[in-house]
Amino acid sequence: MGDFTATFLLGALALLLVSAGIEDARSREIANWKNIAIALLAPLWWWANGLALWPDMAIQFGIAAIVFAFFAGAFAIGQMGGGDVKLIGALALWLPVTPLVSMMMTMALVGGGLTLLMVAEQWVRRGHGMPRPGKGAIAVLLALAAAGVALAQPGTLLWLRGEPVLWLLTILALLCGIALLLLLMLGSARRRGILPEVPYGVAIAIAGLLVLREPLLNQFG
């Protein structure tokens, strides 16, 4: 019964994420009922996986609350839509720390790629010519490149994964670097009147589905 319930819940979550991503791509909105459904199904997922009320469920809820508060700050400064923030908060209820960090990393990369594509499309369409990165953007790019070279060294990733705190700090540092680079580029685009409305719900849905891929496959394996 527990396996059937877990499989059903994972399937329902996957369908809700696909639906939310498609809706955001089409209308730049995510219906509240989808986010509410994802949030309300999370306690059933906890129960199906045998989480204790204390401290397991309390910890999971606390982590999700922190994630929601962080992205609510992004909403407050106009960097994300309200539906996107609710979707991240609801999805965070389902994920332990390691999958959650992986999801956020993937979300940042996919969202950054979407942002760059939309900015580039408007930039070219308006005839601004080739963009010239500022000194700040160049510095961040060099820092990210140096970090990439360091992480590519043999054994570095294996060693970091054996040190959970350092691994988490490394991922957070990379996320901050990517976010800073995007903010610098968006600032330059906004000064030229380019204000793309990025469907971050698509990035969240893709990242969530990628993280869910392993448990979904395990359920049917």
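First, a word on what this report is: a plain description of the structure on this page. (Residues numbered from 1 in each chain as written. Predicted model: local features only at pLDDT ≥ 70, side-chain atom pairs only at ≥ 80, totals over all residues. Heavy atoms only, no water.)

## With respect to the overall build of the protein
What counts, and what does not: Only runs of H or I of at least four residues qualify as helices and only runs of E of at least two qualify as strands under DSSP, and these elements are numbered from the N terminus. Both definitions apply: the radius of gyration is a C-alpha atom measure, and the globule rule equals 2.2 Å times residues to the power 0.38. Type-normalised accessible area, obtained with a 1.4 Å probe on protein chains alone, sets the label of each residue: buried when under 20%, exposed when over 50%, and partly exposed for intermediate values. Each accessible area value is a Shrake-Rupley result obtained with a 1.4 Å probe; residue values ignore everything except the protein chains displayed when judging cover. When charges are counted, Lys and Arg are positive and Asp and Glu negative, with His and the chain ends excluded. A charge is said to be at NZ when it belongs to Lys, at CZ for Arg, at CG for Asp and at CD for Glu.
Within the protein one finds nine helices and zero strands. Listing each helix as α and each strand as β along the protein from the N terminus yields α-α-α-α-α-α-α-α-α. The C-alpha radius of gyration computed for the protein amounts to 19 Å, which stays within 12% of the reference 17 Å derived for 221 residues, consistent with globular compactness. Counting across all 221 residues of the protein, residues that qualify as buried make up 39%. On the protein, roughly 12,700 Å² of surface is accessible, and the fraction owed to carbon and sulfur atoms is 72%. For the protein, the separation between the mean place of its 13 positive charges and that of its 10 negative charges on side chains is 16 Å.

## Here we look at the environment of leucine 10
By the secondary structure assignment, leucine 10 is in helix α1 (residues 2–27). Put simply, leucine 10 and leucine 212 are 202 residues apart on the chain and 7.7 Å apart in space, counted from C-alpha to C-alpha.

## Some thoughts on the nonpolar core
Heads up, the rule is: The criterion is simple. A nonpolar core is a set of buried Ala, Val, Leu, Ile, Met, Phe, Trp, Tyr and Cys residues joined through side-chain atoms within 4.5 Å. Throughout, a contact is declared for two residues whenever any of their heavy atoms are within 4.5 Å.
If you look at the biggest cluster of nonpolar residues, it comprises 42 residues, and the most contacted ones within it are Trp94 and Met103. Of all elements in the fold, only α1, α2 (32–48), α3 (53–76), α4 (82–92), α5 (97–125) and α9 (200–220) reach the threshold of two or more residues within this core. Looking at which element gives the most residues to this core, the answer is α1, with eight residues. Here methionine 103 is in contact with Leu91, Leu95, Ala207, Gly208 and Val211, once residues within four sequence places are set aside. Membership of the second largest hydrophobic core comes to eight residues, among which are Met105, Leu151, Leu160 and Ile171.

## Focus: α3
What counts, and what does not: Expected helix span is given by 1.5 Å per residue-to-residue step, counting one fewer step than there are residues.
Across its 24 residues, α3 extends 32 Å between first and last C-alpha, which sits within 8% of the 34 Å expected from 1.5 Å per residue. Taken as a whole, α3 has its buried residues at Met57, Gln60, Ile63, Ala64, Val67, Phe71 and Ala74. Positive backbone phi, at 80 degrees, marks glycine 78, one or two positions downstream of α3.

## Here we look at a nonpolar patch on the surface
In plain terms, the rule: Two joining distances apply to patches: 9 Å for like charges and 5 Å for nonpolar side chains (Val, Leu, Ile, Met, Phe, Trp, Tyr), and every residue must have over 30% relative accessible area and no salt bridge. We define a salt bridge as a contact between a side-chain nitrogen of Lys or Arg and a carboxyl oxygen of Asp or Glu at a distance within 4 Å.
Together, Trp159, Val165, Leu166, Leu168, Leu169 and Leu172 give the surface a local cluster of nonpolar side chains, amounting to about 560 Å² of exposed area. For the nonpolar patch, the element with the most residues is helix α8 (residues 164–190), which contributes five residues. Of note, tryptophan 159 is situated in helix α7 (residues 156–161). What makes tryptophan 159 exposed here is its relative accessible area of 52%.

## Regarding the pattern of salt bridges
Using the criterion set out here, one finds one salt bridge in the structure. Ionic pairing is found between lysine 34 and glutamate 23, a salt bridge with its closest N-O pair at 2.8 Å. In this pair, lysine 34 sits in helix α2 while glutamate 23 sits in helix α1, placing the two residues eleven residues apart along the sequence. Assigned by exposure class, lysine 34 and glutamate 23 land together as buried.

## As for the side chain of threonine 115
Our working rule: Polar contact is defined as a pair of N or O atoms within 3.5 Å, subject to the rule that within protein one atom must be able to donate a hydrogen and the other to accept it, and that residues adjacent in sequence are counted only when both atoms are side-chain atoms.
Note on placement: threonine 115 falls in helix α5. Here tyrosine 200 takes part through its side chain, which lies 3.3 Å from a polar atom of the side chain of threonine 115. When sequence neighbours within four positions are dropped, the list of residues in contact with threonine 115 reads Leu182, Leu186, Val198 and Tyr200.

## Comments concerning the packing of α5 against α8
Worth spelling out the cut-off: Convention adopted: a line fitted to C-alpha atoms gives each axis, helices being fitted over their contacting stretch, and angles between N-to-C directions are expressed from 0 to 180 degrees. Working definition: roughly parallel below 35 degrees, roughly antiparallel above 145 degrees, roughly perpendicular at 65 to 115 degrees, and oblique for all remaining angles. Note on convention: near helix rotated counterclockwise from far helix by under a right angle means a left-handed crossing. Clockwise means right-handed. As a working rule, the residues Ala, Val, Leu, Ile, Met, Phe, Trp, Tyr, Cys and Pro are called nonpolar, Asp, Glu, Lys and Arg charged, and the rest polar, with Gly in that last group.
For the pair α5 and α8, interaxial distance at closest approach is 10 Å and the crossing angle is 15 degrees. When the axes of α5 and α8 are compared, the pair comes out roughly parallel. When you trace α5 past α8, the crossing you get is left-handed. Note on element contacts: α8 touches α5 through Leu168, Ile171, Leu174, Leu175, Ile178, Leu182, Met185, Leu186, Ser188 and Ala189, opposite Val101, Met104, Met105, Ala108, Leu109, Gly112, Thr115, Leu116, Val119 and Trp123. Partitioning the contact of α5 with α8 into residue classes produces 17 nonpolar, three polar and no charged.

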